Amino acid sequence: AAFLQQRAQHKLASSQASGARTLMQLLVWDPVTDQVEKIRQDVEDMKNIPKRAASIPYVVRPDEDYWRYRRIWLPGWHMQEEIMMFAAIGFGAAVVWLQIYFLLIYKDDRSESLTRWNISDAAGPPTDTPDLVVVFHHPEYSYGDDEDEVEMEFLDHLYSHKKLIKTAFPRLHSLVAKGGMTTRKTIRTALLQDTVEYLPTRGFDVQAFASCDSDEMFVRITIGNEDVVQHYFRAHSQQVQLSKGLIKKLGIAQDPTESSSAPPWIVFDPALGQTLSEEGVKDLNPTELGDVYRTYHGTRPEGSVARSIDRIAIVEHELGKIFNVEGAVDEGLVVDWYPVHNRRRMTELKHMWGRWGLVWDFSFAQPIHHLRHYFGSRVAFVFAWTGFYAKALTALLVPALVCLGFMVGTWALDYHKNLTLEILQLGFAAVIIVWARMAYLRWGQECRYFCTAWNLTDSVPPTRPGYRGELVVSELNANDTELRGNPYKAMGYRYISAAITLFFCALVMVSIYVWITLFDGKIGIAASICLSASIKIFEVIFRPVAVWTTNLENHRYESDYTDALIWKNVAFESINYYYPFIYIMVFAKFTDAGCPSVGQYGQDCIWALRRSLMITVFILVGCFRVFEVFKLWAVARLKLKLEDWNAETEDGGPPPRAFMEEQAKYSKFEIQDQVETMLQLVLSLGYVVLFGAVAPVVVVIIWAVFVLQLRGSAWLLSHSCRRTFPEDKMGEGAWRRAVELILVLGVVSSALVLVIHGEAFKGTYLLTKITFTFIFVVAAFISWQVLAQEFPEKDQQTQLMLRKRDYVMRTVSKLGYTVSPPMGTQREAENLQRIAGAQFAEVPRLNPAHPGWTAVDTAENQEENEHINVPEDEEGGELHQRIIP
């Protein structure tokens, strides 16, 4: 108003010179004056609005706050109702299908019955299979390093018990006592002689024979006497499982065919049968351990309370008490050592588990309990996890194929292509988030069940064979010694390991920029093949680096060593495998070059991501995993052929080779190999969680990878791999936390794809995208909490098993304590008789002459207590009300 008035006055003044004052006043001044007055009146009215509003009743609109907050936090975003509606319908249908699959169709591997494969668990013919073999250098064979002299001090880190080495390995101890330099051949010979003399003193059956080419000495170790097994079971407080027949004899009716009726585990006691028989348990032979404990018939028709993995663990423990065998192998003093396959069990495993024909068995059933009894729980959990996710991916395969069908159909018909892709991307992203959490929780139930069924608890593990340190006074027993490494040196090496891992991660990220630059942002087959080769090269380089840095850290326990190795590989390989696609999905759009170019689609990040994912995942995860399986088989066959050629006899044929000796040439499936197998599978699962919503075809490829990996690894372990050293481990360990981390990254990844490339967010503010990402992530976490209520950690079957076991154990405990305790003495018997005869008035009072009399503190007996020294506190005052137990 002031501006208009000022401008009118200026025009009016300038018009005076031309004599047009009256006309300008009529045309300019009067209208402006009226307008100024109107504006001033409106301002006065606005000042009175709060007073008038206070007297008017106000009705709040239900959606007013929603629109107000939406304008504040989601400026510029316009919800497309048709996209949200169709995505919600597809999401609801997929969730219903997943619920039906996991609750009704899914079949677990909890049953121990082998009837599915037409195999009986009854006793078979006896087999002369050793438990463990140690391969030494043959003293009569000439090795290139025989005359190399070494300082005897380097053997100090191989000792496990300095006191035992004096009596158990006298030849080796005498060499160490002399000190100075000694040849490798002398040490090897002394170690061989001491070993074959020491082991029989521990109750083991020992045999030795030369290899078919006479360059090695095989020492086979067996526990053939059941009394020896019982001795070590009692010494180690070994937990064994009760027999199902005992539960029936105790008068407890439990269906033995149900998985929840697995008997409990208790500390082995050979006298338990006698105790229960004396307590009146009928039809129980107290001298027959099979009537009380579960027995296994792997090598003995009569059965044994010890599984083969129990006997292997006993031999491994007794050898480890003297010296570090794994360290001796690394130092070249021992050629090798390994558990021996049981041919009968191998034949059974090949039939029901290790055949390529089972690729077409989409039930993915596995004898998990028998894998645990044969390989140990670590390997069993690897295959249980792989089989479970093969089943879970089968459930996701159905909605993935539906999405693929819609994508191909709409693109071929050119019918609402962009709209369909938006719907499928949003709906399938939500489906993958729910599926991933549902599978994660369902596997947690399976893992919890197996841990309960196998009695796996958090116990103190044995010291790792490769642990290095000095023999010092034991922290557990000052009269004993133990190996102990330098904790400060180990801490320093861990920081160095972390720095090396971060360096390799940075190197991979730089290589991705170079890859994009070399191909000018054009993603095609050549670029994807080059990317696959780059990823594989970095993987091959980093794999030994990860093992080397983890060895430097010198972990005491195998579980700590494995977890450290897992996290190094997960950290590096996540960058190596995922960062190229994360760069295309998140960062490429904001660079100067923009999104990569994809043929007819032009510069489009989503299509570039789809094409690169399909080609790279197929090459990396599909082809290379199949190649790895056949490579290990080919290496084992090649070693045997080379030995045959080098050991041909005069008649032109190779010498006969025992099955036990042949296994020395088999490929190993050690901790590093198990970590590598699980790593590839976890990374493959990550492709589904992170990028499955963008490219549903990835789900199909990864499902095929899991199927081939499951059957290929089973075929390899039952044909061309050594038997693993048994190790009990609760679940999959660090892998579970790694999968959970990938699930969280998958939620964030799905939200970023929607806000960066979605049509609804084009041209919106950064605040809008951040707000929607936050809402998406919170909604995903809320849905996860809802699913956690549906799939608790302990399902009904696991809880029922715990209740049944508790009932059995309470029944056994009651039978063990039904004998009455010794009779207590009755002091003052005449008074007790008066009470029993209801003569209460004749019970006398307690008087000072009674030996149980104690006077109350009074002034009279205060002098009697003067000789008691009362301690003083720091301020000099007496400590009152002190209670001395």
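Residues numbered from 1 in each chain as written. Predicted model: local features only at pLDDT ≥ 70, side-chain atom pairs only at ≥ 80, totals over all residues. Heavy atoms only, no water.

This next bit is on the overall build of the chain. Of the regular secondary structure elements, the chain holds 28 helices and 10 strands. Residue burial in the chain is summarised as follows: out of 885 residues, 48% are buried. Accessible surface, the chain: about 45,800 Å² in total, of which carbon and sulfur atoms supply 59%. (Helix = DSSP H or I, 4+ residues; strand = E, 2+ residues; numbered from the N terminus. Buried < 20%, exposed > 50% of the residue type's maximum accessible area, 1.4 Å probe, protein only. Areas by Shrake-Rupley, 256 points an atom, 1.4 Å probe, with all protein chains shown as cover.)

To continue, consider the pairing of strand 1 (residues 132-137). When you tally the buried positions in strand 1, you get six out of six residues, the bulk of the element. Bridge count for strand 1 against strand 5 (residues 216-222) is six bridges, and the pairing is antiparallel. Bridging from a neighbouring strand, Leu132 pairs with Ile221 of strand 5. (Pairing = 2+ DSSP bridges.)

Quick look at the sheet that holds strand 4 (residues 205-210) now. Strand order in the open sheet formed by four strands is 4-5-1-8, with antiparallel pairing between adjacent strands. Here the strands that pair on one side only, and so sit at the sheet edges, are strand 4 and strand 8 (336-339). Within this sheet the neighbouring strands show an average axis-to-axis angle of 20 degrees, counted without direction. Sheet topology places strand 4 next to strand 5; six bridges connect them, and they run antiparallel. If you follow Val206 over to strand 5, its bridge partner there is Ile221. (Axes fitted to C-alpha atoms, helices over the stretch in contact; angles between N-to-C directions.)

Where helix 23 (residues 671-691) contacts helix 25 (residues 734-757), the two axes come as close as 9 Å, and the packing angle between them is 20 degrees. In terms of their interaxial angle, helix 23 and helix 25 are classed as roughly parallel. Two packed elements cross with a definite hand, and for helix 23 against helix 25 that hand is right-handed. Facing Val675, Met678, Leu679, Val682, Leu685, Gly686, Val689 and Leu690 of helix 23, the residues of helix 25 in contact are Trp735, Val739, Ile742, Leu743, Leu745, Gly746 and Ser749. Across the contact of helix 23 with helix 25, the residue classes break down as 12 nonpolar, three polar and no charged. (Parallel < 35°, antiparallel > 145°, perpendicular 65-115°, else oblique. Left-handed = near helix turned anticlockwise from the far one by under 90°. Contact = heavy atoms within 4.5 Å. Nonpolar A, V, L, I, M, F, W, Y, C, P; charged D, E, K, R; others polar.)

Below, the discussion takes up the pattern of salt bridges. The tally for this structure, following the rule as stated, stands at 30 salt bridges. When the shortest N-O distance is used, the salt bridge between Asp795 and Arg110 registers 2.7 Å. Here the residue Asp795 occupies a position in the loop between helix 26 (766-790) and helix 27 (796-816), and Arg110 occupies one in the loop between helix 5 (81-105) and strand 1, the gap between them amounting to 685 residues. Its relative accessible area of 11% is what places Asp795 among the buried residues. Salt bridges sharing common partners tie together Asp108, Arg110, Arg442, Glu446 and Asp795. (Salt bridge = Lys/Arg side-chain N within 4 Å of Asp/Glu carboxyl O.)

With a phi close to 60 degrees, Ser214 is a non-glycine residue in the positive phi region. Structurally, the position occupied by Ser214 is in the loop between strand 4 and strand 5. When its relative accessible area of 41% is taken as the criterion, Ser214 is described as partly exposed. The residue Phe364 is not glycine, and still its phi comes out positive at about 55 degrees. Judged by relative accessible area, Phe364 falls into the buried class, the value being 1%.

A contiguous nonpolar patch, built from Tyr69, Ile72, Trp73, Tyr765 and Leu767 and spanning about 540 Å² of accessible area, is present on the exposed surface. Counting through the fold element by element, Ile72 comes out in helix 4 (residues 64-73). (Patch = residues over 30% accessible without salt bridge, like charges linked within 9 Å, V, L, I, M, F, W, Y side chains within 5 Å.)

Attention shifts here to the confidence of the model for the chain. Model confidence for the chain is summarised by a mean pLDDT of 82, while 84% of its residues fall at 70 or above. Note on residues 870-885: pLDDT under 50 across the span, and nine contacts to partners over four residues away in sequence or across chains. (pLDDT = per-residue confidence, 0-100.)

A few words now on the side chain of Asp109. Looking at the secondary structure, you find Asp109 in the loop between helix 5 and strand 1. Of note is the side chain of Asp109, whose polar atom sits 3.3 Å from the backbone nitrogen of Gln366. Of note is the side chain of Asp109, whose polar atom sits 3.3 Å from the side chain of Lys391. Setting aside chain neighbours within four positions, we find Asp109 in contact with Phe364, Ala365, Gln366, Ile368, His369, Lys391, Glu446 and Phe450. (Polar contact = N/O pair within 3.5 Å; in protein donor to acceptor, adjacent residues only side chain to side chain.)

What follows is about the environment of Thr167. In this structure, Thr167 sits in helix 6 (residues 162-168). In this structure Thr167 comes out as exposed when scored by relative accessible area, which is 66%. Spatially, the C-alpha atom of Thr167 lies 9.0 Å from that of Tyr198, the residues being 31 residues apart in sequence.

Turning our attention to the packing of aromatic side chains. Any pair of aromatic rings gets described here by the distance separating the centres and the angle formed by the planes. In the structure shown here, the tally under the stated rule is 41 aromatic pairs. On the numbers, 5.4 Å between centres and 65 degrees between planes, the contact of Phe169 with Phe323 is edge-to-face. Taken together, the positions of Phe169 in the loop between helix 6 and helix 7 (170-178) and Phe323 in the loop between helix 12 (308-320) and helix 13 (325-330) put the pair 154 residues apart, joining distant regions of the chain. Residue class for Phe323 comes out buried when judged on its relative accessible area of 5%. Ring-pair connections join several aromatic residues into one group, and the members of that group are Trp97, Tyr101, Phe102, Tyr106, Trp385, Phe388, Tyr389, Trp443 and Phe706. (Phe/Tyr/Trp six-rings, centres within 6.5 Å; stacked < 30°, edge-to-face > 60°.)

Let us now look at the pairing of strand 8. The side-chain alternation of strand 8 yields two buried faces, one formed by Asp336 and Tyr338 and the other by Trp337 and Pro339. With four bridges connecting them, strand 1 and strand 8 associate as antiparallel partners. Across the sheet, the residue bridging to Val134 is Trp337, located in strand 8.

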